[in-house]
There are 2 protein chains.
Amino acid sequence: MAPADTSTADLFGIEPTAPSVAGQRFTARPSRLLIADGAGFATRDVEQLEVTLDGVPGDRHEGVARPADSRVPWYPRGTPIRNSRQVTILAPDELDEMARRLGIAQVKPEWIGSNMVLEGVPRLTQLPSGTRLHFPSGAALAVEAENAPCRHAGAAVGAFYPDMEGMDVAFVKAAKGLRGLVAWVERAGGITVGCEVSVRVPAQKIWVR
Amino acid sequence: MAPADTSTADLFGIEPTAPSVAGQRFTARPSRLLIADGAGFATRDVEQLEVTLDGVPGDRHEGVARPADSRVPWYPRGTPIRNSRQVTILAPDELDEMARRLGIAQVKPEWIGSNMVLEGVPRLTQLPSGTRLHFPSGAALAVEAENAPCRHAGAAVGAFYPDMEGMDVAFVKAAKGLRGLVAWVERAGGITVGCEVSVRVPAQKIWVR
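Residues numbered from 1 in each chain as written. Chains lettered and ligands numbered in written order. Predicted model: local features only at pLDDT ≥ 70, side-chain atom pairs only at ≥ 80, totals over all residues. Heavy atoms only, no water.

Peer 1: Give a detailed account of the overall build of chain A, specifying residues and quantitative values.
Peer 2: Looking only at helices and strands, chain A features three helices and 14 strands. Taken against the 2.2 N^0.38 rule, which gives 17 Å for 209 residues, the C-alpha radius of gyration of chain A at 18 Å falls within 12% of a compact globule. When its C-alpha atoms are laid out on the principal axes, chain A stretches across 60 × 40 × 40 Å. Going through the 209 residues of chain A one by one, you find that 55% of them count as buried. Within chain A, contacts between residues at least 6 apart in sequence are counted, and of these 70% link residues at least 24 apart. A total accessible area of about 8800 Å² is found for chain A, and carbon and sulfur atoms account for 53% of it. (Helix = DSSP H or I, 4+ residues; strand = E, 2+ residues; numbered from the N terminus. Rg over C-alpha atoms; globule rule 2.2 N^0.38 Å. Buried < 20%, exposed > 50% of the residue type's maximum accessible area, 1.4 Å probe, protein only. Contact = heavy atoms within 4.5 Å. Areas by Shrake-Rupley, 256 points an atom, 1.4 Å probe, with all protein chains shown as cover.)

Peer 1: Give a detailed account of the interface of chain B and chain A, specifying residues and quantitative values.
Peer 2: Taken together, the contact between chain B and chain A spans 58 residues of the former and 58 residues of the latter. Summed over both sides, the interface of chain B with chain A buries roughly 5200 Å², with 60% coming from carbon and sulfur. Among the residues chain B hides against chain A, the three largest losses belong to R82(B), W207(B) and R209(B). Together they make up 19% of the total. Note that E144(B) and R132(A) form a salt bridge whose closest N and O atoms lie 2.9 Å from each other. Our count for the chain B to chain A interface comes out at 21 residue pairs in polar contact (both at pLDDT 80 or more). The residue makeup of the side of chain B that touches chain A, split by class, is 30 nonpolar, 14 polar and 14 charged. (Buried area = accessible area lost by both parts, 1.4 Å probe. Salt bridge = Lys/Arg side-chain N within 4 Å of Asp/Glu carboxyl O. Polar contact = N/O pair within 3.5 Å; in protein donor to acceptor, adjacent residues only side chain to side chain. Nonpolar A, V, L, I, M, F, W, Y, C, P; charged D, E, K, R; others polar.)

Peer 1: A description of the side chain of R187(A) should follow, citing residues and the corresponding values.
Peer 2: Looking at the secondary structure, you find R187(A) in strand β11 (residues 181–187). Of the side chains with opposite charge, E186(A) comes closest to the buried, unpaired R187(A), at an N-O distance of 9.0 Å. Filtering out sequence-adjacent residues up to four positions away, R187(A) remains in contact with V51(A), L53(A), G138(A), A139(A), A140(A), Y75(B), P76(B), T79(B), P80(B) and I81(B). (Lys, Arg positive; Asp, Glu negative; His and termini not counted.)

Peer 1: Explain the relation of the copies chain B and chain A to me, and be specific about the residues and the numbers.
Peer 2: Here the second copy of the chain follows from the first by a rotation about an axis and a shift along it. Between chain B and chain A, the superposition needs a rotation of 180° and an axial shift of 0.0 Å, giving an RMSD of 0.0 Å. Within this description, the copies of the chain are treated as partners about a two-fold rotation axis. Within chain B, the C-alpha atom positioned nearest to the axis of rotation is that of S129(B), 3.0 Å from it. In this assembly, 100% of the residues forming the interface of chain B have copies in chain A that are likewise at the interface, indicating an isologous arrangement. (Least-squares fit on C-alpha atoms with pLDDT ≥ 70 in both.)

Peer 1: Break down helix α3 (residues 167–174) of chain B for me, citing the residues and quoting the values.
Peer 2: Of the residues making up α3(B), those classed as buried are M167(B), F171(B) and A174(B). Within α3(B), the buried residues cover an arc of 75° as seen down the axis, which keeps them to one side. (Arc of directions from axis to C-beta.)

Peer 1: An account of the packing of aromatic side chains is requested, with residue identities and associated values reported.
Peer 2: In this structure the tally under the stated criterion is eight aromatic pairs over all chains. Their ring planes at 10° and their centres at 4.0 Å tell us that W111(B) and F160(B) sit as a pair that is stacked. Of this pair, W111(B) sits in the loop between α1 (92–102) and β8 (116–119) while F160(B) sits in the loop between α2 (151–158) and α3, placing them 49 residues apart in sequence. For the ring pair W111(B) and Y161(B), a centre distance of 6.0 Å and an interplane angle of 75° mean the geometry is edge-to-face. With W111(B) in the loop between α1 and β8 and Y161(B) in the loop between α2 and α3, this residue pair connects regions lying 50 residues apart in the sequence. Both residues of the pair, W111(B) and Y161(B), count as buried. A network of ring pairs unites the aromatic residues W111(A), F160(A) and Y161(A) as a single cluster. Its guanidinium or amino end placed over the ring of W184(B), R82(B) lies 5.9 Å from that ring's centre, counting from NZ or CZ. (Phe/Tyr/Trp six-rings, centres within 6.5 Å; stacked < 30°, edge-to-face > 60°. Lys NZ or Arg CZ within 6 Å of the ring centre and 35° of its normal.)

Peer 1: An account of the packing of helix α2 (residues 151–158) of chain A against helix α3 (residues 167–174) of chain A is needed here, citing residue identities and associated values.
Peer 2: Residues and elements named next belong to chain A. Their axes nearest at 7 Å, the elements α2 and α3 cross at an angle of 120°. With respect to α3, the element α2 is oriented oblique. Judged by the twist between their axes, the crossing of α2 over α3 is right-handed. Along the contact surface, α2 presents R151, A153, G154, A155, V157 and G158, while α3 presents M167, D168, V169, F171 and V172. A class-by-class count of the residues in the contact of α2 with α3 yields seven nonpolar, two polar and two charged. (Axes fitted to C-alpha atoms, helices over the stretch in contact; angles between N-to-C directions. Parallel < 35°, antiparallel > 145°, perpendicular 65-115°, else oblique. Left-handed = near helix turned anticlockwise from the far one by under 90°.)

Peer 1: Tell me about the pairing of strand β2 (residues 24–35) of chain B, residues and numbers included.
Peer 2: Residue and element names in this part refer to chain B. Bridge count between β2 and strand β13 (residues 197–201): five bridges; the pairing is antiparallel. Residue pairing in the sheet places R25 in a bridge with R200 of β13. In terms of strand pairing, β2 meets strand β3 (residues 44–46) through three bridges, oriented antiparallel. Pairing of I35 across the sheet is with R44, part of β3. (Pairing = 2+ DSSP bridges.)

Below is the structure:
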């Protein structure tokens, strides 16, 4: 990893201490694609996702809007808000590390609502908001944010380890910074297992008031 | 400005060089609100904006989707893409600096499509993607990105300085990093001139591959 460039010139000729890096581009590949079209948020494998501006058709997170939930407690529960959590993306190495921290054999992406397992992005969960994923079909996803781990997902993992107690709470701690990303669809199109994804990370600059 | 904290622990116990800062919160105030409901992208003052998940009703940038344009040349022109440019926000000090660089008396926000002049945010244009603006009504905007200056806006400024040539091109250079933000509506509601805006900047971490 190259060190961040700290030689940023800023507004009005003032030289701030905030570092910056230029935009970055590289390729990655989805090794699995999944859909949550059952009762819970467990997902099942599909060969292709045909995403639209509403998200993943038939998936429980489909929609231009979504009702506000406990993730956004500053909005009254149920208020319609724009849905920026249409697609859930996980990284295999982060799932492995999560399992190691929890002392279990594995955390399967389909247990915790993954729509995509993406290979080739180091520290996937830390990718900045605004990063775009461009697919060969023309489909594009925009990264909203890190997915904060919740107890519901932890309980779903715990259901596969019935001898272990408190997995719901343990998961929230262990999965911090490892639970992948949520994204929204910028442009509709098909996404196929194994296709080449162009990842475009925008220029970054730390903003301090 | 406080220096960025460089003591970040990272995934898998590896200590990267990338710095980070915690989330930040502070207040700001819109001194003007405007709408582009005429023929061009010039805006006119209003006392209140009643935003919806579609954006600013009647504004030329209203819509859940928008046709791809020259700002996103990687999409075929006209392809529907999600509209993350519903609201245009400018800062008075950045407009002043822009005018100084251009050698003109002023750049009025209504000339270049501003929906909001926001007071109290230093280096507004640099606010990170994902920053939220919460209004007393419950309305909320999410910052998409810096608005890259274009020649159309420059030509609009030039129309007020008919004796100066090449303003369209000069603007693109002079307004770089000063042309404010584009944002999308996360939650509907009213925005009033002079109201107190709660600005919530997410935690930031420079991501380097």
